[in-house]
Amino acid sequence: MEQTPIITVKNLVKKFGSFVANDNLTFNVYKGEIFGFLGANGAGKTTAMKILCGLSLPSSGEANIAGYDVYKDTDKIKRNIGYMSQKFSLYEDLTVYENIRFYAGIYGLRRKVIREKTALLLNKLQLDQEKDTLIKSLPLGWKQKLAFSVAIFHNPKIVFLDEPTGGVDPITRRQFWNMIYEAANKGVTVFVTTHYMDEAEYCNRVSIMVDGRIAALDTPGNLKNEHNVQTMNDVFLKLARSS
Amino acid sequence: MISVQVKELTKSFGEVTAIDNISFDVNKGELFGFIGPDGAGKTTLFRILVTLLIQDKGTAFMEGHDVVKDYKKIRNMVGYMPGKFSLYQDLSVEENLNFFATIFGTSLEENYDLIKDIYHQIEPFKKRLAGKLSGGMKQKLALSCAMIHKPEVLILDEPTTGVDAVSRKEFWEMLSKLKENNITIIVSTPYMDEASLCDKVALIQKGKILSIDKPSNIMKSFPKPLLAIKANNMYNLLYDMAEYKNTHTVYPFGEYLHYTPLEKTFDIKDIESYLASKGHINIIIEKIEANIEDCFMELMKKN
């Protein structure tokens with residue numbers, strides 16, 4: 001893998017009053033990498049991700065996202081990233097096509113481009129017949145695949161996935177990961193936050209946050225070897241329980 | 001001794017058959033898991049068992065009581081923890097517990113022994129409002145409330161969904177301790193890796209039970225030999241293995257993919273040279289035993 005940093009974070013601190021949510025974070029994420037950002041509830045994942053998405057300013061430290069500074073260039077950051085969450089991604093009361101047009105329109109894509117790309121996308125997802133179907137009547141697995149496709153529709157450099165695959169059956173889940181591998185293979189950087197440790201096994205590298213700090217950062221294979229355990233779940237339990 | 005007995009149970013909502021002719025028995029004191037994705041029918045089944053829904057067809061007995069006719073008796077002897085946090089957010093921990101105890105005509109003191117191991121962990125926060133608790137603590141409070149009346153059967157609907165790995169582990173440890181009280185526990189989960197923590201599991205998908213047995217027996221009955229394969233580029237590896245002549249299934253499993261052959265067996269040397277010819281490097285191929293997720297996917301494919 002080429003090692004071109006696309007996210008660089010140095011000594012990043014975020015405080016809320018006297019509470020330190022992110023305590024001196026330093027890490028790089030490389031172009032085309034699938035990077036897992038793990039931690040228990042309340043470890044500080046969401047706080048850090050909001051900063052990386054240009055939604056919140058750090059208290060101190062540096063962070064650069066796709067060439068843009070998190071203090072000065074928050075608008076440019078937002079234009080160059082995609083975001084998908086399990087909790088909220090698509091408008092349930094809009095149709096498949098209306099959702100695509102809405103998101104693509106927000107990112108400034110032209111109507112003609114939207115039309116052409118939509119046709120290709122629906123064909124690829126085998127959703128041609130569902131173009132005018134309301135999102136709320138689609139099965140969860142289709143929604144997730146569509147939500148991911150919409151999140152990368154404007155060709156972002158980085159896509160942030162916030163607990164993306166909960167609840168679907170194991171085959172659908174793997175189809176979803178195939179899409180993620182495909183995007184990464186085309187050079188999109190995939191930044192996944194999750195507290196489901198089996199999702200972590202799919203990432204090229206993972207960081208594990210404990211109490212606001214990065215307690216470990218390596219490939220899943222190396223982390224398992226280092227801690228002499230079989231699964232990322234066991235790695236996580238060792239790190240989180242020692243805190 | 002049979003604690004829960006379900007025969008040919010069916011429930012539809014309009015066009016959708018949520019559960020489709022399901023039968024199973026759960027023994028007294030057993031920890032029984034329903035493993036399946038969202039929409040499999042787990043919640044519908046549980047709501048029938050706790051008398052909150054009435055089935056279209058079939059029968060269900062809890063400790064010998066019919067869920068339709070004897071619903072009042074059942075409500076006194078079943079503890080139910082719904083999937084959505086359903087306690088009073090604006091009452092404190094202690095107030096919630098006292099409320100549920102009073103409804104069931106008992107008190108916190110009377111059954112303190114049963115819940116003490118769990119309640120002990122949240123007791124320091126007993127004055128805190130339930131809505132202000134962390135996910136793991138909410139779960140412990142909900143379990144305490146579900147057990148305050150000393151139920152014979154506990155029904156827990158996805159208790160570990162949305163909580164982190166540490167709380168999940170603690171929760172399963174609590175359940176195995178509870179078994180010592182000879183309480184029957186029926187639990188549902190979308191996480192395949194939790195199957196091995198149950199005495200017996202039913203794999204459930206689209207309202208139907210795919211398989212029902214001890215987890216170890218389900219894994220042993222996997223019908224194909226299985227290989228784990230790894231190389232430098234997972235995306236290309238998945239594509240190339242799907243195109244390989246002797247391929248039944250190829251699924252990503254973390255850093256590896258799992259492969260089953262179309263024929264009865266496979267030739268590791270041939271796979272190696274095929275992948276090398278496609279430009280893969282650092283190829284690792286290992287023969288492995290199936291896990292519950294492998295079994296679930298194979299059963300889904302068959303059905």
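Numbering of residues begins from 1 in every chain and follows the order in which that chain's sequence is written. Written order decides the labels, with chains lettered from A and ligands numbered from 1. Whole-chain, interface and lining totals are the exception, using all residues; otherwise, since this is a predicted model, local features are given only for residues with pLDDT of at least 70 and side-chain atom pairs are given and counted only at 80 or more. Side-chain measures were taken over the full set of non-hydrogen atoms in the model, leaving aside hydrogen atoms and water.

### Considerations on the domain arrangement of chain B
Test applied: Segmentation into domains, and thus their bounds, comes from an automatic or database assignment.
Each domain of chain B was delimited in the assignment, giving domain 1 (2–220) and domain 2 (227–287). When each unit is reduced to the centre of its C-alpha atoms, the spacing between domain 1 of chain B and domain 2 of chain B is 41 Å.

### Regarding the packing of helix α3 (residues 96–106) of chain A against helix α4 (residues 111–124) of chain A
Residues and elements named next belong to chain A. Test applied: Between the N-to-C directions of two axes lies an angle of 0 to 180 degrees, each axis being a line fitted to C-alpha atoms and, for a helix, fitted only over the stretch in contact. Numbering of helices and strands runs from the N terminus; a helix is a DSSP stretch of H or I covering at least four residues, while a strand is a stretch of E covering at least two. Our angle categories are set so that under 35 degrees counts as roughly parallel, over 145 as roughly antiparallel, 65 to 115 as roughly perpendicular, and the remainder as oblique. What makes a crossing left-handed is the near helix being turned counterclockwise from the far one by less than a right angle; a clockwise turn instead makes it right-handed. Whether two residues touch is decided by their heavy atoms; if any such pair falls within 4.5 Å, the residues are in contact. Only Asp, Glu, Lys and Arg are considered charged in this grouping, and only Ala, Val, Leu, Ile, Met, Phe, Trp, Tyr, Cys and Pro are considered nonpolar; every other residue, Gly among them, is considered polar.
Closest axis-to-axis distance for the α3/α4 pair is 11 Å, and the angle between their directions is 130°. Relative to α4, the element α3 is oriented oblique. Along this stretch, α3 crosses α4, giving a crossing that reads as right-handed. Contact residues: α3 offers Val96, Tyr97, Ile100, Arg101, Ala104 and Gly105, while α4 offers Ile114, Arg115, Thr118, Leu121 and Leu122. Tallied by class, residues from the contact of α3 with α4 come to seven nonpolar, two polar and two charged.

### Some thoughts on the sheet that holds strand β13 (residues 256–260) of chain B
Strand pairing within a sheet occurs via backbone hydrogen bonds; the two strands may be parallel or antiparallel. Residues and elements named next belong to chain B. Quick note on the threshold: In this analysis, strands are considered paired if DSSP registers two or more bridges between them.
If you walk across this open sheet you meet the four strands as β12-β13-β11-β14, and the pairing is antiparallel. Of all the strands in the sheet, just β12 (249–253) and β14 (284–287) have a single pairing partner and so form its edges. Between one strand axis and the next, the sheet turns through 25° on average, direction left out of account. As paired elements, β12 and β13 share five bridges and run antiparallel to each other.

### Some words on the packing of aromatic side chains
All names here are of chain A. Put simply, the rule is: Any two rings among Phe, Tyr and Trp, with Trp reduced to its six-membered ring, count as a pair given centres within 6.5 Å; such a pair is stacked if its planes are under 30 degrees apart, edge-to-face if over 60, and tilted if neither. Throughout, exposure labels follow a simple rule: accessible area from a 1.4 Å probe, protein chains only, divided by the maximum for the residue type, with under 20% read as buried, over 50% as exposed, and the rest as partly exposed.
Taken as a whole and assessed by the stated rule, the structure comprises 21 aromatic pairs over all chains. Each ring, one from Phe27 and one from Phe37, has its centre 5.9 Å from the other, and the planes form 35°; the classification is tilted. Highlighted residues: Phe27 in strand β2 (residues 19–30) and Phe37 in strand β3 (residues 34–39), separated in sequence by ten residues. Overall, the relative accessible area of 5% leaves Phe27 in the buried class. Phe37 gets classed as buried once you look at its relative accessible area, which sits at 0%. Ring plane angle 25° and centroid distance 5.6 Å describe the contact between Phe35 and Phe191, whose orientation is recorded as stacked. Of this pair, Phe35 sits in strand β3 while Phe191 sits in strand β8 (residues 189–194); the two residues are 156 residues apart in sequence, bridging distant segments of the chain. Using a relative accessible area of 0% as the deciding quantity, one classes Phe35 as buried. Looking at Phe191, the relative accessible area reads 0%, which means it is buried.

### Some remarks on the interface of chain B and chain A
Put simply, the test is: A simple way to read buried area is as the amount of 1.4 Å-probe accessible surface that goes missing from two parts once joined, with both sides added. Throughout this description, the term salt bridge denotes a Lys or Arg side-chain nitrogen within 4 Å of a carboxyl oxygen of Asp or Glu. Polar contact criterion, stated in full: a pair of N or O atoms within 3.5 Å, where within protein one must be able to donate a hydrogen and the other to accept it, and residues adjacent in sequence count only if both atoms are side-chain atoms.
Each side of the interface is counted separately: chain B has 28 residues, and chain A has 27 residues. For the pair chain B and chain A, the summed buried area comes to about 2500 Å², and 59% of that belongs to carbon and sulfur atoms. Between the two partners, chain B and chain A, sit three salt bridges. The closest approach of N and O atoms between Arg173 of chain A and Glu293 of chain B, which form a salt bridge, is 3.9 Å. Between chain B and chain A we count six residue pairs in polar contact (both at pLDDT 80 or more) in total. A total of six residues in the side of chain B that touches chain A trace back to one element, the largest contributor, which is helix α6 (residues 165–178) of chain B.

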